[in-house]
Each structure stands twice: as structure tokens, then as C-alpha cells.
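Structural description and commentary
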Amino acid sequence: MGAESIAVIGAGMSGVAAALVLARRGRRVVLVEKKERIGATLRGFTRGGVYFDTGLHYVGGLHGEGPLTRYFRLLGLDRLPLEMFNEDCFDLLRFPGLGLEVPLPVGREATVRVLSSIFPGDAAFIRKYFTRISEIFNSSPLLSFRTDASELLTDMQNTVSLADYLAGGTADPVLRTVLSIHSLLYGVSPEETPLHQHARIAASYLEGVGSVRGGGRALVAELEKALSLSGVKILCGKAAEKLRVSPGRGINAVLLEDGTEIPVEGALFTGHPHLLPPLLPQGSVKPAFRKRLLSLEDTCSAYALFCKCAPTPSFLRGGNLFICPDADTASAFRPDCDPRRGPFYLSGGRDGQADLRGLVIVAPGSARECAPYGASAPGRRPAAYARLKEERLRDIRQKCLAHCPELSGMSVLDGATPLTFRDYLDAPGCGLYGTKHSLHQFNPLPLTGIANLWMAGQSVIAPGILGAIVSAIAACVFILGREAVQEELAACA
Amino acid sequence: MFAGLAERGMTDLEIIEKANAALAEEFELDPGRMRPEALFREDLDLDSLDAVDMVVVLEKSFGIRIGKDPAIAAIRSLGDLHRYILSKKSEMRHEG
């Protein structure tokens, strides 16, 4: 018998990252993915010759010793071609009703300077806020490359919401919107997001902001190369249907939908937490654990327009645009949210040679609105759903054109609703970023009630590319031991 | 929604019994071992991971919100838990 074998279930960013690290530490890894190819979300899609990103729009921490740079190095992606966003404005926030535009520059000092010039009465709080989120970010174990397992499991200090923290510091609702706009990047309302969780994501966008040249599909191509060198066995196109559990040994086999049985000595589940309990035999975990996973609420959902835009408006070259017709960001996350009220997130539209990338417009969307059509499958939706989709996408297009005349040359090639995201992302609650990291619910940890079953993915620790990788590394701390992961992290310093 | 307990007017004993019943079912515990002095770790085989599930079970059983209350970390025995749940009841009455 060789080294211990582990099944990694789900070949998204988290599953691939974990598989690569486990294989490098000598584990025999089988990566099981129900979709036809790895990295389905990251891969994006093409319509009418135009490529659209779906999983990767932009990230932070890509500077020299930034956390994402180090993690990409850890995964063997040293040659990943990057494109850095504009230093002086990577995000432009447009408030049409106020005639106000707020640019967010790269760098904490530059950000404090720019925002203080726009909101001079709140300069002291602006500095305090960015200092605070940086402190939290820097003290977070896996963002500062520490692997103390006990630190990874303590989450009890998260008792102040982002909204309460901001309300305690400034009376200006526009500034509060500016400081919480990145809640759209993880899909949880500022009213529900612990300040600590917000800081771990928002502060990653203070340095090294950019993307991968060529988009998500270029990242997937590099991950595929890394996997092919790693010895990881990849099984795509077959869903895991059951995990076999024996009383003494825990997980001992993964059964696939086609009847294949893969004997293993452990499993790492990286899919949506709702999808784990159906894999587990009755009696293998306590009912409370099963119910908690099944009751976790998803992050926000969305409508999206995929557009061809020529010429690309200058503000979308090396940056994003947030249109905020309404200063109340929290409304976007409510179950009765109105997609026409925004905020609208516009990304992409780069039209460099050999890199014709489409413009993606994302507007808030509620799973509830699409729920009556939930039983239908893609391509076989009822006519009423088609009308709802058409109406929503038309309204969002009109609002964006009204607030952003620079887009007058755009044509819409495709669109998505919360149901599209449900099926495309394999997210039962239509959430864009897995389950909510909220003050009011307990997301899974890497450890489960079964000693050789672990969890990772956006719903564990944090969402996004960085969050997915961090959750994979956290799971590896428990699978491989702290020293092994510490060695790996030190090697990519 | 926070008025749940007060409206039902449950006695302390009823609350304790309800908590015990929910825990017995959700954690497959032997009701005979569920004495107030029983320690979660040593006597009931529940660990820190189970603590999270316990919070969710109690929130659902009583229709209350506990969330990430640091006081949870200090709960060692079933009696501690009973006192905690009863303290939530008096807080709610105060608010209501």
C-alpha cells in the first residue's frame, strides 16, 4: 500500500488547490468533478466570439509578496501572466443622483488621501477604518501565513457588523456606501457581515489589484498544467453519489453515480455545503450537523448581462465601474431587492488583441423571484420565466445606459438570472459565493464530525479566489499537519 | 420574533425539558445521562465542533437568536447551558 489516498470532491479553485498541495506532500489524490471539466466557474464562456469571465473578475494581493502571489506560487503557477489594474483608479463608484464619482486607487495611503479629499469631514474616521481593516487582515492566520490550527477554528470575536461599525464612525450614508461597496464581492449585506470578515476580503483589495491576463480561462489552463505534472488523478463528468463510512475507519470509499467505487482513506468535500449531507449515510454524523449544513443560507444572487462593447469605455480599461443609483447598499441583499435599483457592477470589456473580452454587468437579484420556476432545467424553462428574464434584463440595460451613456454602443449577447447561476455554479440557493459568512449563521469548518472527512470551498473561511485557496490550505493543515503546510508556505515566500 | 419565549410563558422547568429533548434528539444522547452536572466533553462526548451545532439547535427550538456569543465558550456542563438559556429568557423579557 502506498501513501494514503484522498478523494477531493469538486474541482473548483478550492478543490484543485487542495489536490495540488496534497499531491506535493506525497498523498495519492483523486479529484472528482461532476462537470465535464475542472474549473467550470472560473473557465467562463464564449458567445459570438466574445469571451466572458464568470468566476474571476478582479482580485487583490497580486503584488510582489502579496498573499495571492504567494499562494499562486505555492500552487506552481509562477508563470501566470497578470494584468494589473489602474493604480489611480481600479474601481470607480458613480452616484448618478448626486453627480458624484469616487475613484478608489491602489494602496492604503492613496485611498485614505483620495477619500479624505472627497469626504473631508470624515478624514479621521477614513484613516481609522483603513487602519482597522488592515490590522484585521494582517492578523488573520492564513493571510499572514501562519497555520496555528486553534486560530483557524476560533471565530467568536466576530460580533460587530460592518454596518454598525460604519454607522458608529460616520453619519454620511454615501461614505458608508463607499466603504462597504466591496460587500458586493462576497455577497452579504453590511448589516449581517462581521467587520472581521469584511476586512479579510476588502483589505485584500488595498494592494496588488488586477487579474490574470486572458481571464479565468487562462488561470484554468495553468491549473490544468500544474495538475498534469502533479500526479493527481482527475475524474470529470461523474458526480460523487455516496461516501461510504465504516464505524472504525470513517470514510473508506467514494461511490460515483456510474457505480464506480473508489477506495480512499479520507475525503475533502469542496462543494456547496447543502450537497454534502446527501452523500453521507444515515447515522454517520449527528442529526444536528446534517441539519445545520442544510439550513445554511446562500450569499446574494444576481442578474447578469453579457455584452459586446466597442469601443471599450476608458474607465473599464484596467478597472471596474460600480453604479450606485441608491446610496443604500444593504437593499441589494434583501430578498425583495429590486434589480433596477442597483448597485450595478460593470467589469471587463477589454478589447486588446487576441483578448476580446466582453463586458459583464451584474445587478442584484433575489432567488425568491425565480423560485416559482425552480423545478425547471436550463433550456427547458417555462414561458413565464422567459418573460421575467427578458423584462429584468431589459430594465437593467436601460438603467445602465441612462447612468452610463458611454455604453451606448453595447449589444447584449446573453443574460443570466438567479436560476442560471444556481445551475451553472451548482449552488442550490442561487448564491454567487456559496453560503453567507454572516453574524447569524455558522459556516462549516475544515473539520467535520467524521475524523477523515474535511471541508473546504467558498463557504468555509472566506469566498472568492483567495478565500477558496485559503480554505483549501486550512483543510490541508488538518489533513497533513501544521508543520507540512508551514513548510509549503515557507517555500513560496 | 424575539418575543417567542415570553409569549409562550414557559416555566424554567419547561424550558430545561425542551432544551434537553432537543439536544437528546439532535445529538443522539441517552436521556438518562443528561443530568445538570454532566460535562459535555467528558460525559456526553460532545466537542467544540458540536458546540456550534448546539447553538443552532437551541436557536431553532426556542426561536431565539444566539449567534456568535462569546459566552458560549464558557459553557462546560449541561447545567451551564440551562443557566445560559434561562438568562436569554430574562433578557428577552426585559427587552419585550
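A brief look at the structure comes next. From a predicted model like this one, the values you see are computed outputs, not experimental measurements.

Let's talk about the overall build of chain A
Each helix and strand counted, chain A has 16 helices and 21 strands in total. Here the C-alpha atoms of chain A give a radius of gyration of 22 Å, agreeing with the 23 Å that 2.2 N^0.38 yields for 493 residues. The principal-axis extent of the C-alpha atoms belonging to chain A is close to 70 × 55 × 45 Å. Counting all 493 residues of chain A, 60% fall into the buried class. In chain A, of all internal contacts separated by at least 6 residues, the share reaching a separation of at least 24 is 71%. For chain A, the computed accessible surface area is about 18,500 Å², with 53% contributed by carbon and sulfur atoms. Chain A carries 52 positive and 48 negative side-chain charges, and their two centres are separated by 4 Å.

Brief notes about the interface of chain B and chain A
The interface is formed by 20 residues belonging to chain B together with 19 residues belonging to chain A. When residues of chain B are sorted by the area they lose upon contact with chain A, B:E26, B:L49 and B:K68 head the list and together hold 41% of the total. Counting the contacts that link chain B with chain A gives 3 salt bridges. Its salt-bridge partner being A:K291, residue B:E26 comes within 2.4 Å of it at the nearest N-O pair. At the boundary of chain B and chain A, one finds 5 residue pairs in polar contact (both at pLDDT 80 or more). Elements with a minimum of two residues in the side of chain B that touches chain A: α2 (12-27) and α4 (48-62) of chain B. Of the residues contributing to the side of chain B that touches chain A, the split by class is 9 nonpolar, 1 polar and 10 charged.

Points about α2(B)
Residues and elements named next belong to chain B. End to end, α2 covers 22 Å across 16 residues, agreeing with the expected 22 Å (1.5 Å per residue, within 8%). What α2 keeps buried is the set I15, A19, N20, A22, L23, A24, E26 and F27. Once α2 finishes, E28 follows within two positions and takes phi at roughly 50°, a positive value.

Some remarks on the nonpolar core
Burial of nonpolar side chains together is a common tendency in soluble globular proteins. Of all hydrophobic cores here, the largest spans 116 residues; its most connected members are A:M13, A:Y71, A:Y129, A:L219, A:I465 and A:I469. In this structure A:I469 touches A:M13, A:A17, A:L68, A:Y71, A:F72 and A:L75, once residues within four positions along its chain are discounted.

Examining the sheet that holds strand β16 (residues 344-348) of chain A
Residue and element names in this part refer to chain A. Within the open sheet, the 7 strands sit side by side as β7-β6-β15-β16-β19-β14-β20. Their pairing is mixed. Edge positions in the open sheet fall to β7 (100-104) and β20 (410-416), since each of these has one partner strand only. If you compare each strand with its neighbour and ignore which way they point, the axes differ by 20° on average. Where strand β14 (residues 301-309) and strand β19 (residues 359-365) come together, 7 bridges link them in antiparallel fashion. The partner of A302 across the bridge, within β19, is P364. On top of the sheet, helix α8 (residues 173-180) reaches β6 (91-95) and β7; it is set at about 150° to β6, its chief contact. Against the sheet, helix α14 (residues 418-425) makes contact with β14, β19 and β20, and its axis sits at roughly 90° relative to β14, the strand it touches most.

Let's talk about helix α3 (residues 67-74) of chain A
Residues and elements named next belong to chain A. The element α3 is largely enclosed, with a buried count of 7 among its 8 residues. By the burial criterion, the buried members of α3 are P67, L68, T69, R70, Y71, F72 and L74. Buried residues in α3 make contact with α1 (13-24), α5 (123-139), α10 (216-230), α15 (464-480) and α16 (482-491). Two residues or fewer past α3, G76 is found with a positive phi of approximately 80°.

Description of the side chain of B:E59
Residues and elements named next belong to chain B. Tracing the sequence through the fold places E59 in helix α4. For the buried E59, no salt bridge exists, and the shortest N-O distance to an oppositely charged side chain is 5.7 Å, to R65. A distance of 2.7 Å separates the side chain of E59 from the backbone nitrogen of I66, its partner in a polar contact. Residues within four places of E59 in sequence aside, it is in contact with I64, R65, I66 and G67.

Observations regarding the side chain of A:T435
All names here are of chain A. Here T435 lies in the loop between α14 and β21 (453-455). Exposure remark for T435: the relative accessible area of 0% places this residue in the buried category. At 2.8 Å, the side chain of T435 forms a polar contact with the side chain of N443. Apart from residues lying up to four places away in sequence, T435 is in contact with H272, P273, L296, E297, D298, T299, Q441, N443 and S459.

Conventions used here
Each chain has its residues counted from 1, following the order in which its sequence is written. Written order decides the labels, with chains lettered from A and ligands numbered from 1. In keeping with the predicted nature of the model, local features appear solely for residues at pLDDT of at least 70, side-chain atom pairs appear and are counted solely at 80 or more, and the whole-chain, interface and lining totals rest on all residues. With hydrogens and water set aside, each side-chain value is computed from the structure's full complement of heavy atoms. For helices the rule is a DSSP run of H or I covering at least 4 residues; for strands it is a run of E covering at least 2, with both sets numbered from the N terminus onward. Radius of gyration: over C-alpha atoms. The globule rule applied is 2.2 Å multiplied by the number of residues raised to the 0.38 power. Using a 1.4 Å probe on the protein chains alone, a residue whose accessible area is under 20% of its type maximum counts as buried, one over 50% counts as exposed, and one in between counts as partly exposed. The contact definition used throughout considers only heavy atoms, calling two residues in contact when any of these lie within 4.5 Å. All accessible-area figures derive from a Shrake-Rupley calculation using a 1.4 Å probe, and residue coverage is judged against the displayed protein chains alone. Only four residue types enter the charge count: Lys and Arg as positive, Asp and Glu as negative, with His and the chain ends excluded. By convention, the charge on Lys lies at NZ, on Arg at CZ, on Asp at CG and on Glu at CD. When two components associate, each loses some accessible surface as probed by a 1.4 Å sphere; the sum of these losses over both components is called the buried area. Salt bridges are defined as contacts in which a side-chain nitrogen from Lys or Arg sits within 4 Å of a carboxyl oxygen from Asp or Glu. The term polar contact refers here to a pair of N or O atoms within 3.5 Å; inside protein, the definition further demands a hydrogen-donor-capable atom paired with an acceptor-capable atom, and it admits residues adjacent in sequence only when both atoms are side-chain atoms. In this count, Pro and Cys sit with the nonpolar residues alongside Ala, Val, Leu, Ile, Met, Phe, Trp and Tyr, while Asp, Glu, Lys and Arg are called charged and the others, Gly among them, polar. Take the number of residues in a helix, subtract one, and multiply by 1.5 Å to get its expected span. Here the nonpolar core consists of buried residues drawn from Ala, Val, Leu, Ile, Met, Phe, Trp, Tyr and Cys, with membership extended through side-chain atoms lying within 4.5 Å. We call two strands paired when DSSP finds no fewer than two bridges between them. In this analysis an axis means a line fitted to C-alpha atoms, helices contributing only their contacting stretch, and an angle means the value between N-to-C directions, from 0 to 180 degrees.

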